[in-house]
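A look at the structure
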Amino acid sequence: MEIELEIKTVVQQLLPLLIKYDNEKINYQIQKLRDINEIIDSEMSSSEKKETLRDMSENIYPPQGGLTDFYVWDNDSSKRIEINQSISALNNKLWNLIK
């Protein structure tokens, strides 16, 4: 149960960033992150949730594209670095929690 809460917290932190800097190439992944919240709040057993989330991770983090290849461009290099580090840290945390 604790891991589910942690996943939900990471998703709630990651979603606003992705929506704000969406380049129209990650709409599918954004929807899958929304789906994660619904799954966590569902009546599924913990084992069903874990299996479903593991399957979803393949859609969120495909071998090419997806969130692993998502980067924000900003002319201000320090702002760009800060945004991308935040997104990357949350992506890594979510990956580790789901896998």
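This text goes with the structure placed above it.
Residues numbered from 1 in each chain as written. Predicted model: local features only at pLDDT ≥ 70, side-chain atom pairs only at ≥ 80, totals over all residues. Heavy atoms only, no water.

**Structural notes on the overall build of the chain**
- Each helix and strand in the chain was counted, giving four helices and zero strands.
- Of the regular secondary structure in the chain, the N- to C-terminal order runs α-α-α-α.
- By residue count, 39% of the 99 residues in the chain fall in the buried class.
- Contacts spanning at least 24 positions in sequence make up 65% of the contacts within the chain whose residues lie at least 6 apart. (Helix = DSSP H or I, 4+ residues; strand = E, 2+ residues; numbered from the N terminus. Buried < 20%, exposed > 50% of the residue type's maximum accessible area, 1.4 Å probe, protein only. Contact = heavy atoms within 4.5 Å.)

**Regarding the environment of isoleucine 36**
- Among the structural elements, isoleucine 36 can be located in helix H2 (residues 27–41).
- Residue classification places isoleucine 36 among the buried positions, given a relative accessible area of 0%.
- Taking the C-alpha atoms as reference, isoleucine 36 lies 22 Å from tyrosine 71; in sequence the two are 35 residues apart.
- Ignoring anything within four residues of it in the chain, the contact list for isoleucine 36 reads Ile7, Val11, Leu53, Met56, Ile60 and Ile98.

**Here we look at unusual backbone geometry**
- Within the chain, glutamate 24 stands out as a residue other than glycine whose phi angle is a positive 70°.
- In this fold, glutamate 24 is placed in the loop between helix H1 (2–20) and H2.

**A few points about H1**
- Helix length check: H1 (19 residues) gives 28 Å between terminal C-alpha atoms against 27 Å at 1.5 Å per residue, within 8%.
- Within H1, the full set of buried residues consists of Glu4, Ile7, Lys8, Val10, Val11, Leu14, Leu15 and Leu18.
- Considering only its buried residues, H1 is in contact with H2, helix H3 (46–60) and helix H4 (77–98). (Expected span 1.5 Å × (residues − 1).)

**What about the pattern of salt bridges?**
- Tallied over the full model, the rule gives five salt bridges.
- Lysine 49 is the partner of glutamate 4 in a salt bridge, and the nearest nitrogen-oxygen pair spans 3.5 Å. Of this pair, glutamate 4 sits in helix H1 while lysine 49 sits in helix H3, and the two are 45 residues apart along the sequence. Across this residue pair, the class does not change: glutamate 4 and lysine 49 are buried. (Salt bridge = Lys/Arg side-chain N within 4 Å of Asp/Glu carboxyl O.)

**Structural notes on the packing of aromatic side chains**
- In this structure the tally under the stated criterion is one aromatic pair.
- Centroid distance tyrosine 61 to tryptophan 95: 5.4 Å. Interplanar angle 85°. Geometry classified as edge-to-face. Note that tyrosine 61 is positioned in the loop between H3 and H4 and tryptophan 95 in helix H4, a separation of 34 residues in sequence.
- You can call tyrosine 61 buried: its relative accessible area is 8%. (Phe/Tyr/Trp six-rings, centres within 6.5 Å; stacked < 30°, edge-to-face > 60°.)

**Details of H4**
- Spanning 22 residues, H4 covers 31 Å between terminal C-alpha atoms, matching the ideal 32 Å at 1.5 Å per step.
- Of all the residues in H4, the buried ones are Arg80, Ile83, Asn84, Ile87, Leu90, Asn91, Leu94, Leu97 and Ile98. For H4, the arc enclosing every buried residue in end-on projection is 160°, short of the 170-degree limit, so these residues lie on one face. Facing away from the buried side of H4 by more than 90 degrees, the exposed set consists of Glu82, Gln85 and Asn96. (Arc of directions from axis to C-beta.)

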